Structure formats: structure tokens, C-alpha cells
Amino acid sequence: ALKVAGVVFPDGLGLRAPASLGLAVDGPGRFVAWVGIDDEVAGFRAPQPLRFRVFLGDRELAVSPPVQAGEPARLMQVEVPGAGELRLVAEPEGRLPFGGHGDWLMPRFLRG
């Protein structure tokens, strides 16, 4: 289960950062997802903050502020201007020897 700040989410994608996922979109619309650091890092000595980025091709559409372990998930709503490859990126804010654990929760692409 994907759980952030004690809240279980019914679906999503859990990643070890740094990570990137590509999704093909066939036109303009809106991408919506909650982002956060998975509670599985609670036992880590020094969980690192992550940033979540959304790109269309090489163009950055949105970036989150640093997200800390234990914080509630944050909502990202991103206007997508056209068709192409939507890339979802989770990256460490600092240097991570073992990677971070970021979640894209309930991701949806809404056409139009």
C-alpha cells in the first residue's frame, strides 16, 4: 500500500528517487496527482526531501517545493498544453546514498 503521513492511497506509483516515468498524452488537458514521501522511510536514519517535476518533452511544466518525510501529500495540478510525452520526475533535494521513496498518488490525466 502507498501511505503518506499515515494516509493510505488507493492507487499510485511508488518510486525510488531519482526516477522518471513517461506517459504519452494525445492532446491538451490537465495532469493531477498528490505527491509525497512514502511512510516506509520512517525507519531511515535521515530521510531526504524530494522534489517532484512534470515535463512535456523537455519543457518543465511544474515543480513542487521540497517535500519532507512525514508531511501530508501535496496536490499538483498541471496544465498540459498539447500532445507528447509527459514525464514525471522524482529527484532528491540533496545527495542520497540509497535513494528516496517518492509517491505519485492517484495520478490522472484529464483531457480537454
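One can find the structure itself at the top, above this paragraph.
This report concerns the structure included in the present document. (Residues numbered from 1 in each chain as written. Predicted model: local features only at pLDDT ≥ 70, side-chain atom pairs only at ≥ 80, totals over all residues. Heavy atoms only, no water.)

Here the focus is the pairing of strand β5 (residues 29-37). Residues in a regular strand project their side chains so that they alternate between the two faces of the sheet. With 7 of its 9 residues buried, β5 lies for the most part within the structure. In terms of strand pairing, β5 meets strand β8 (residues 74-80) through 7 bridges, oriented antiparallel. By the bridge assignment for β8, Trp34 is matched with Leu75. (Buried < 20%, exposed > 50% of the residue type's maximum accessible area, 1.4 Å probe, protein only. Helix = DSSP H or I, 4+ residues; strand = E, 2+ residues; numbered from the N terminus. Pairing = 2+ DSSP bridges.)

Before going further, it helps to examine the side chain of His101. Relative to the assigned elements, His101 resides in strand β10 (residues 100-111). Relative accessible area serves as the criterion here: at 7%, His101 is assigned to the buried category. In terms of polar contacts, His101 uses its side chain to reach the side chain of Glu40, at 2.4 Å. Apart from residues lying up to four places away in sequence, His101 is in contact with Leu15, Arg16, Gly36, Ile37, Asp38, Glu40, Val41, Phe44 and Leu50. (Polar contact = N/O pair within 3.5 Å; in protein donor to acceptor, adjacent residues only side chain to side chain. Contact = heavy atoms within 4.5 Å.)

Further remarks concern the sheet that holds strand β7 (residues 59-63). One open sheet accounts for 4 strands, arranged β4-β9-β6-β7; its pairing is antiparallel. Of all the strands in the sheet, just β4 (19-25) and β7 have a single pairing partner and so form its edges. In this sheet, adjacent strand axes meet at a mean angle of 25° when their direction is disregarded. Relative to strand β9 (residues 84-92), β4 runs antiparallel, the two sharing 7 bridges. Across the sheet, the residue bridging to Ala19 is Ala90, located in β9. (Axes fitted to C-alpha atoms, helices over the stretch in contact; angles between N-to-C directions.)

By size, the foremost hydrophobic cluster in this structure holds 22 residues, and its most contacted members are Phe31, Phe52, Val54, Met76, Val80, Leu86 and Trp104. Contributions of two or more residues to this core are made by β3 (12-17), β4, β5, β6 (50-56), β8 and β9. Contact partners of Phe52, with chain neighbours within four places excluded, come to Val35, Gly36, Ala62, Val63, Ser64, Val67, Met76, Val89, Ala90, Gly102, Asp103 and Trp104. One finds Leu2, Phe9, Ala73 and Leu105 within the second-largest nonpolar core, a separate group that totals 5 residues. (Core = buried A, V, L, I, M, F, W, Y, C linked by side-chain atoms within 4.5 Å.)

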